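Examining the three-dimensional arrangement
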Amino acid sequence: MVVEVRAGGVTRERRPMAALCSGVALMNAAMAVASAAGTLVAGDWLGAGWAGVPVTAGIIGTGGGALVLTRLTNRAGRRAALMTGYVAAAVGACLAVAGVVAGDMIGLTAGMVLLGLGNAGAQLSRYAAAELHPARRRGFAIGIVVWSAAIGAVGGPLLLDASGDTATGMGFTSLAGPFLLASLACAAAALASVAAPSRTREAIAPRMSLRALSRTPAARSALVVMVSAQVVMVAVMTAAPLEMHMHGDGLGAVGATLSAHTLGMFALSPVTGRLFDRFGARPVMLGGLLMLVVSAGMAAFAPVRLVALFLLGYAWNLCFVAGSGRLARDLPDSERLHVEGAVDAAVWTVAAAAGLLSTMIMSAGGYGALTVTACAVAVLATFAQVRPRRGC
């Protein structure tokens, strides 16, 4: 069945949206289980201070992948870029399985980098969805794609125990199981992307440097908010499974906590999109930053950690959807693709440092010191956004 949405006289089909949403859901499931398992493996092999290495590798892959897939989109279209990213991720998951089984940290890290390439495709899918809708509904379109990630990101961690049992039954270590699951999810995402939109932009602007990007008001405000939200969320959540593991919590408890967090990240995305379409980017971004401050502070306390991490997830969602919506709505077509790719690359590159430093800070001062640091970052970002700026 085809549902038509008319935007400026152009008829859009539902099928490309379904393909985008399916790929995002599957890729998020893969990244959720791979990131949790990678942190635990590295913690056991290298110690708590270096447990963030696999997650950092995945984030670096996502940042670099945003630029690589943006360039591929220019040359071959959205569909080819998505398929390339998802196939690379499937290969990376298999490489990570081999690394875990062989005790090879290099293989695990390389696998996480390739998984990040697929994650970059999933992240950029929100902009492809926005192109299928008129400007007044782009916030809602982005929200729907981000919401679809909840299916995989919430369901994936709940399969940690089952995937571990499956790997054990196959003669592997239990922590290879999540990567086996990730390989299947990435392969399915590649198949789903066959129906993704294939359009390549007609007018392509030159690639933008970070300096030029910072001079663009819409890109500047979106960049600050999205980077801050990603840094705080990655820092707190990278260390959370390790903190629980060190206090005797099993994979089931870790999975439940991750699911609560990812539920906050994605489940209310359509609501966030509606808020963006109704009130604009600035109020939604400010609300997200303020919630980021509160939730990062709460996360230090174990009795309320599950609630805190749910709120942390939704704070990220408010910042992410509103920042993405601003780019999709307020930039001219000739600049939008490169700006989108540059912002995503910057967001994930900075977040890579947060993922690595988070476990180091926790190792030196405890999880409480980490959450205080994250809270301070969120406070600074809030002040920066509140300060009146021309064009923001």
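Residues numbered from 1 in each chain as written. Predicted model: local features only at pLDDT ≥ 70, side-chain atom pairs only at ≥ 80, totals over all residues. Heavy atoms only, no water.

Under an unreviewed UniProt entry, the name given to the protein is MFS transporter, and the source organism is Nonomuraea diastatica.

**Remarks on the overall build of the protein**
Counting secondary structure elements, the protein contains 15 helices and two strands. Per-residue burial for the protein yields a buried fraction of 58% across its 392 residues. Here the contacts in the protein between residues at least 6 apart in sequence split such that 83% fall between residues at least 24 apart. As displayed, the protein has an accessible area near 14,900 Å², and 67% of this comes from carbon and sulfur atoms. (Helix = DSSP H or I, 4+ residues; strand = E, 2+ residues; numbered from the N terminus. Buried < 20%, exposed > 50% of the residue type's maximum accessible area, 1.4 Å probe, protein only. Contact = heavy atoms within 4.5 Å. Areas by Shrake-Rupley, 256 points an atom, 1.4 Å probe, with all protein chains shown as cover.)

**Side note on the side chain of Ser 183**
Structurally, Ser 183 can be placed in helix α7 (residues 177-192). Once residues within four sequence positions are removed from consideration, Ser 183 is found in contact with Ala 90, Ala 93 and Cys 94.

**Thoughts on the packing of aromatic side chains**
Applying the stated rule across the entire model yields two aromatic pairs. On the basis of an interplanar angle of 15° and a centroid distance of 4.5 Å, the ring pair of Trp 316 and Phe 320 is categorised as stacked. One end of the pair is Trp 316 and the other is Phe 320, both in helix α13 (residues 305-330) and four residues apart, which spans about a single turn. Across the pair, exposure class does not vary: Trp 316 and Phe 320 are buried alike. Joined through ring pairs, the aromatic side chains of Phe 266, Trp 316 and Phe 320 make up one cluster. The lysine or arginine in question, Arg 274, covers the ring of Phe 140, its NZ or CZ lying 4.1 Å from the ring centre. (Phe/Tyr/Trp six-rings, centres within 6.5 Å; stacked < 30°, edge-to-face > 60°. Lys NZ or Arg CZ within 6 Å of the ring centre and 35° of its normal.)

**Regarding helix α3 (residues 78-102)**
When the terminal C-alpha atoms of α3 are compared, their 36 Å separation across 25 residues agrees well with the 36 Å that a helix rising 1.5 Å per residue should span. Downstream of α3 by one or two residues, Gly 103 has phi in the positive range, about 70°. (Expected span 1.5 Å × (residues − 1).)

**Topic: the nonpolar core**
Met 27, Leu 108, Leu 115, Phe 179, Phe 266, Leu 292 and Leu 327 are the most contacted members of the largest nonpolar core, which totals 123 residues. When residues in this core are grouped by element, the largest group, 19 residues, is from helix α9 (residues 217-246). Shared between two domains, this core holds at least three residues of each, these being domain 1 (13-195) and domain 2 (210-387). Excluding anything up to four places from it in sequence, Leu 108 contacts Val 41, Trp 45, Pro 54, Ala 96, Gly 99, Val 100 and Phe 179. (Core = buried A, V, L, I, M, F, W, Y, C linked by side-chain atoms within 4.5 Å. Domains from an automatic or database assignment.)

**Focus: the packing of helix α12 (residues 281-298) against α13**
Relative to each other, α12 and α13 sit at 155°, their axes nearing to 8 Å. Taken together, the axes of α12 and α13 lie roughly antiparallel to each other. Of the two possible hands of crossing, α12 and α13 adopt the one that is left-handed. (Axes fitted to C-alpha atoms, helices over the stretch in contact; angles between N-to-C directions. Parallel < 35°, antiparallel > 145°, perpendicular 65-115°, else oblique. Left-handed = near helix turned anticlockwise from the far one by under 90°.)

**A short note on the pattern of salt bridges**
A side chain of one charge can pair with a side chain of the opposite charge if their charged atoms are brought near each other. Enumeration according to the criterion identifies two salt bridges in this entry. Between Glu 131 and Arg 78 there is a salt bridge; the shortest N-O distance is 2.9 Å. Here Glu 131, found in helix α4 (residues 105-131), pairs with Arg 78, found in helix α3; they are 53 residues apart in sequence, far enough to count as distant. Taken individually, Glu 131 and Arg 78 each receive the classification buried, so the pair is uniform in this respect. Residues Asp 344 and Arg 126 are paired through a salt bridge, measuring 2.7 Å at the closest nitrogen-oxygen approach. (Salt bridge = Lys/Arg side-chain N within 4 Å of Asp/Glu carboxyl O.)

**Things to note about the side chain of Thr 272**
Inspection of the secondary structure puts Thr 272 in helix α11 (residues 269-279). Within polar-contact distance, the side chain of Thr 272 engages the side chain of Asn 317 at 2.6 Å. The contact partners of Thr 272, leaving out residues within four places of it in the chain, are Val 284, Tyr 314, Asn 317, Leu 318 and Val 321. (Polar contact = N/O pair within 3.5 Å; in protein donor to acceptor, adjacent residues only side chain to side chain.)

**Some details on the state of the cysteines**
For the structure on display, the rule yields zero disulfides. Cys 186 carries a free sulfur, and the closest cysteine sulfur to it, the one in Cys 94, is 8.8 Å from it. Its relative accessible area of 0% is what places Cys 186 among the buried residues. (Disulfide = S-S within 2.5 Å.)

**Looking at the environment of Phe 383**
Tracing the sequence through the fold places Phe 383 in helix α15 (residues 367-386). By relative accessible area, Phe 383 is classed as exposed at 58%. Between the C-alpha atom of Phe 383 and that of Leu 290, which follows or precedes it by 93 residues, the distance is 10.0 Å.

**Overview of the packing of α9 against α12**
Contact geometry of α9 with α12 gives a least axis separation of 11 Å together with a crossing angle of 20°. Between α9 and α12, the interaxial angle falls into the category roughly parallel. For the pair α9 and α12, the crossing hand works out as left-handed. Listed contacts from α12 to Ser 221, Val 225, Ser 228, Ala 229 and Val 232 of α9 are Met 285, Leu 289, Leu 292 and Ala 296. The residue makeup of the contact of α9 with α12, split by class, is seven nonpolar, two polar and no charged. (Nonpolar A, V, L, I, M, F, W, Y, C, P; charged D, E, K, R; others polar.)

**Re a nonpolar patch on the surface**
Judged by side-chain polarity, Trp 45, Leu 46 and Trp 50 come together as a nonpolar surface patch covering roughly 310 Å² of accessible area. On the basis of relative accessibility, which here comes to 46%, the residue Trp 50 falls in the partly exposed class. (Patch = residues over 30% accessible without salt bridge, like charges linked within 9 Å, V, L, I, M, F, W, Y side chains within 5 Å.)

**Topic: α12**
With 18 residues, α12 extends 26 Å from end C-alpha to end C-alpha; this agrees with the ideal 26 Å at 1.5 Å per step. At its buried positions, α12 is contacted by α9, α11, α13 and α15.

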